[in-house]
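If you want the building blocks of each chain, they are given just below.
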Amino acid sequence: AQRVTQPEKLLSVFKGAPVELKCNYSYSGSPELFWYVQYSRQRLQLLLRHISRESIKGFTADLNKGETSFHLKKPFAQEEDSAMYYCALSGQAGTALIFGKGTTLSVSS
Amino acid sequence: KAGVTQTPRYLIKTRGQQVTLSCSPISGHRSVSWYQQTPGQGLQFLFEYFSETQRNKGNFPGRFSGRQFSNSRSEMNVSTLELGDSALYLCASSPGSNTLNYGYTFGSGTRLTVV
């Protein structure tokens, strides 16, 4: 069965500090992993996907199959990064996209 | 290009009633998924439709049902409403036959309050 775990409900950091939002998954095959973000009063939106190996708004995430993790990182947090972040997993083609419970990131000055 | 549209935005219903929520995906998208979002449980998967067929189903009771029309618009229905059904219901659409390489585009949701 697919499962996504985000161990932290809330992560509070100061502006300019590094950020790491943790995501661990459980899936027997080769997963597709995503990070979604929901800013205050905005729609949930795709931040990045592991297959693209891209950096969006300074965020990166590396899939570690050995540790079954897909942590989201940013070297220097900005106040505008404050939002709810969801890690999501999709299994083989045609399977559902399953989300973790989310982590609220709060960046203060 | 219009985004994912969900109607209505807000609903207040009484326990025992039933409710129907509507979702219009992005033009050309054939996959529609529904999620229930609550503060305690986050985003929980309800079901996914692709080309009018339910392709995946989450772990919700049979009171929750859905369907997809030939124009890809989707509806979900909740019968015999319970207080615990109060939540934000999100619809998401995807262009292809799977989520690979695409991800989902979400609507703004329908806020359902059961009293």
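Above: the structure in question.
These numbers come from a predicted model, not from an experiment. (Residues numbered from 1 in each chain as written. Chains lettered and ligands numbered in written order. Predicted model: local features only at pLDDT ≥ 70, side-chain atom pairs only at ≥ 80, totals over all residues. Heavy atoms only, no water.)

**What about the overall build of chain B?**
This is how the line gets drawn: Helix numbering and strand numbering both begin at the N terminus, where a helix is a DSSP run of H or I of at least 4 residues and a strand a DSSP run of E of at least 2. Here the globule rule reads 2.2 Å times residues to the power 0.38, and the radius of gyration is calculated from C-alpha atoms. Classification of residues uses two cut-offs on accessible area relative to the type maximum, computed with a 1.4 Å probe and protein chains only: under 20% is buried, over 50% is exposed, and between them is partly exposed. In this description, contact between two residues means that some pair of their heavy atoms is separated by no more than 4.5 Å. Where accessible areas are quoted, they stem from the Shrake-Rupley method and a 1.4 Å probe; at the residue level, only the protein chains shown are allowed to cover. Neither His nor the chain ends contribute to the count of charged residues, in which Lys and Arg are positive and Asp and Glu negative. Taken as the charge location is NZ of Lys, CZ of Arg, CG of Asp or CD of Glu.
Within chain B one finds zero helices and eleven strands. Listing the helices and strands of chain B from first to last along the sequence gives β-β-β-β-β-β-β-β-β-β-β. The C-alpha atoms of chain B give a radius of gyration of 13 Å, which matches the 13 Å a tight globule of 115 residues would have. Per-residue burial over chain B gives 51% buried out of 115 residues. A separation threshold of at least 6 residues defines the contact pool for chain B, and within that pool the share at least 24 residues apart is 55%. Of the roughly 5200 Å² of accessible surface on chain B, a fraction of 47% belongs to carbon and sulfur atoms. Treating the 11 positive side-chain charges of chain B as one cloud and the 5 negative ones as another, the clouds have centres 5 Å apart.

**Re the sheet that holds strand β8 (residues 74–78) of chain B**
Residues and elements named next belong to chain B. Note the threshold: We treat two strands as partners when DSSP finds at least two bridges between them. Between N-to-C directions, angles span 0 to 180 degrees; the directions come from axes that are lines fitted to C-alpha atoms, helices contributing only their stretch in contact.
If you walk across this open sheet you meet the four strands as β1-β3-β8-β7, and the pairing is antiparallel. Of all strands in the sheet, those bounded by a partner on one side alone are β1 (5–7) and β7 (64–68). Mean inter-strand twist for the sheet, computed between neighbouring axes without regard to direction, equals 20°. Both strand β3 (residues 19–24) and β8 contribute to a ladder of five bridges, which runs antiparallel. Note on β8: the bridge partner recorded for Val-19 is Val-78.

**Details of the nonpolar core**
Rules: Residues belong to one nonpolar core when they are buried, are Ala, Val, Leu, Ile, Met, Phe, Trp, Tyr or Cys, and are joined through side-chain atoms within 4.5 Å.
Counting residues in each nonpolar core, the largest one holds 25 residues, and the members touching the most others are A:Trp35, A:Leu47, A:Leu48, A:Phe70, A:Leu72 and A:Tyr85. The set of elements that each furnish at least two residues to this core consists of β2 (10–14), β3 (19–21), β5 (32–38), β6 (45–49), β9 (83–90) and β11 (103–108) of chain A. Ignoring any residue separated from it by four or fewer positions in sequence, one finds A:Phe70 in contact with A:Cys23, A:Leu33, A:Phe34, A:Trp35, A:Leu48, A:Arg49, A:His50, A:Ala61, A:Asp62, A:Leu63 and A:Cys87. B:Met76, B:Val78, B:Tyr89 and B:Cys91 belong to the second-largest nonpolar core, a separate cluster that totals 21 residues.

**Looking at the interface of chain B and chain A**
One frequently used descriptor of interface size is the decrease in accessible area upon assembly of the parts. The cut-off we apply is this: Here the quantity called buried area is the total loss of accessible area, with a 1.4 Å probe, experienced by two parts when brought into contact, counted for both. Salt bridges, as used here, are contacts in which a Lys or Arg side-chain nitrogen is within 4 Å of a carboxyl oxygen on Asp or Glu. Whenever two N or O atoms come within 3.5 Å, that pair is a polar contact, provided that in protein one can donate a hydrogen and the other can accept it, and provided that, for residues adjacent in sequence, both atoms are side-chain atoms. Residues are grouped as follows: Ala, Val, Leu, Ile, Met, Phe, Trp, Tyr, Cys and Pro are nonpolar; Asp, Glu, Lys and Arg are charged; all remaining types, including Gly, are polar.
The interface is formed by 23 residues belonging to chain B together with 21 residues belonging to chain A. Both sides together, the interface formed by chain B and chain A hides about 1800 Å², and carbon and sulfur atoms give 53% of it. At the boundary of chain B and chain A, one finds zero salt bridges. Counting the contacts that link chain B with chain A gives eight residue pairs in polar contact (both at pLDDT 80 or more). Secondary-structure elements contributing two or more residues to the side of chain B that touches chain A are β4 (31–38), β5 (42–50) and β6 (53–57) of chain B. The greatest single-element share of the side of chain B that touches chain A, amounting to four residues, is contributed by β5(B). Of the residues in the side of chain B that touches chain A, the class split is eight nonpolar, 13 polar and two charged.

**A few points about the pattern of salt bridges**
The full count for this structure, using the stated rule, is eight salt bridges over all chains. Close ionic contact of A:Lys73 with A:Glu20 constitutes a salt bridge, the shortest N to O distance being 3.7 Å. Residue A:Lys73 is found in strand β8 (residues 72–74), and its partner A:Glu20 is found in strand β3; the two are separated by 53 residues along the sequence. For A:Lys73, a relative accessible area of 40% translates into the label partly exposed. Residue classification places A:Glu20 among the partly exposed residues on the basis of a relative accessible area of 28%. The residue B:Glu48 makes a salt bridge to B:Arg55 at a minimum N-O spacing of 2.5 Å. Here B:Arg55 falls in the partly exposed class, since its relative accessible area comes to 27%.

**Details of the environment of B:Ser72**
Residues and elements named next belong to chain B. On the secondary structure map, Ser-72 appears in the loop between β7 and β8. Between the C-alpha atom of Ser-72 and that of His-29, which follows or precedes it by 43 residues, the distance is 7.3 Å. Setting aside its immediate chain neighbours within four residues, Ser-72 contacts Pro-25, His-29, Arg-30 and Val-32.

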